[in-house]
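# Remarks on the overall topology
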Amino acid sequence: MAASAEDNENLVPVTVLTGFLGSGKTTLLNHILTATHGKKIAVIENEFGDVGIDDELLQKNSKA
């Protein structure tokens with residue numbers, strides 16, 4: 001079944017950022033959050049570990 005044009009208008013693009021330790025995830029996230037691209041971005045973070053690395057980055061670059 002093909003999606004209609006109306007269905008396509010209601011879609012929200014999603015990107016999942018994942019990778020091994022040291023693969024550049026935080027660098028890419030920092031670039032996305034600080035670049036001037038005119039896009040509205042929501043970040044859902046699921047970070048495991050004793051020390052939250054990306055949490056500090058998100059707080060620093062958050063407008064809300």
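Residues numbered from 1 in each chain as written. Predicted model: local features only at pLDDT ≥ 70, side-chain atom pairs only at ≥ 80, totals over all residues. Heavy atoms only, no water.

Labelled according to an unreviewed UniProt entry, the chain appears under the name CobW/HypB/UreG nucleotide-binding domain-containing protein, originating from Emiliania huxleyi.

Now for a negative patch on the surface. Residues Glu45, Glu47, Asp55 and Glu56 make up a contiguous surface patch of negative charge. For Glu45, a relative accessible area of 31% translates into the label partly exposed. (Patch = residues over 30% accessible without salt bridge, like charges linked within 9 Å, V, L, I, M, F, W, Y side chains within 5 Å. Areas by Shrake-Rupley, 256 points an atom, 1.4 Å probe, with all protein chains shown as cover. Salt bridge = Lys/Arg side-chain N within 4 Å of Asp/Glu carboxyl O. Lys, Arg positive; Asp, Glu negative; His and termini not counted. Charge placed at Lys NZ, Arg CZ, Asp CG, Glu CD. Buried < 20%, exposed > 50% of the residue type's maximum accessible area, 1.4 Å probe, protein only.)

Quick look at a nonpolar patch on the surface now. Together, Leu17, Leu28, Ile32, Ile41 and Val43 make up an exposed nonpolar region whose accessible area comes to about 370 Å². Note that Leu28 resides in helix α2 (residues 25–34). In this structure Leu28 comes out as partly exposed when scored by relative accessible area, which is 40%. (Helix = DSSP H or I, 4+ residues; strand = E, 2+ residues; numbered from the N terminus.)

We now examine the confidence of the model for the chain. Averaged over every residue, the pLDDT of the chain is 80; residues scoring 70 or more account for 88%. Ranking the elements of the chain by mean pLDDT puts helix α3 (residues 54–61) last with 70 and α2 first with 87. (pLDDT = per-residue confidence, 0-100.)

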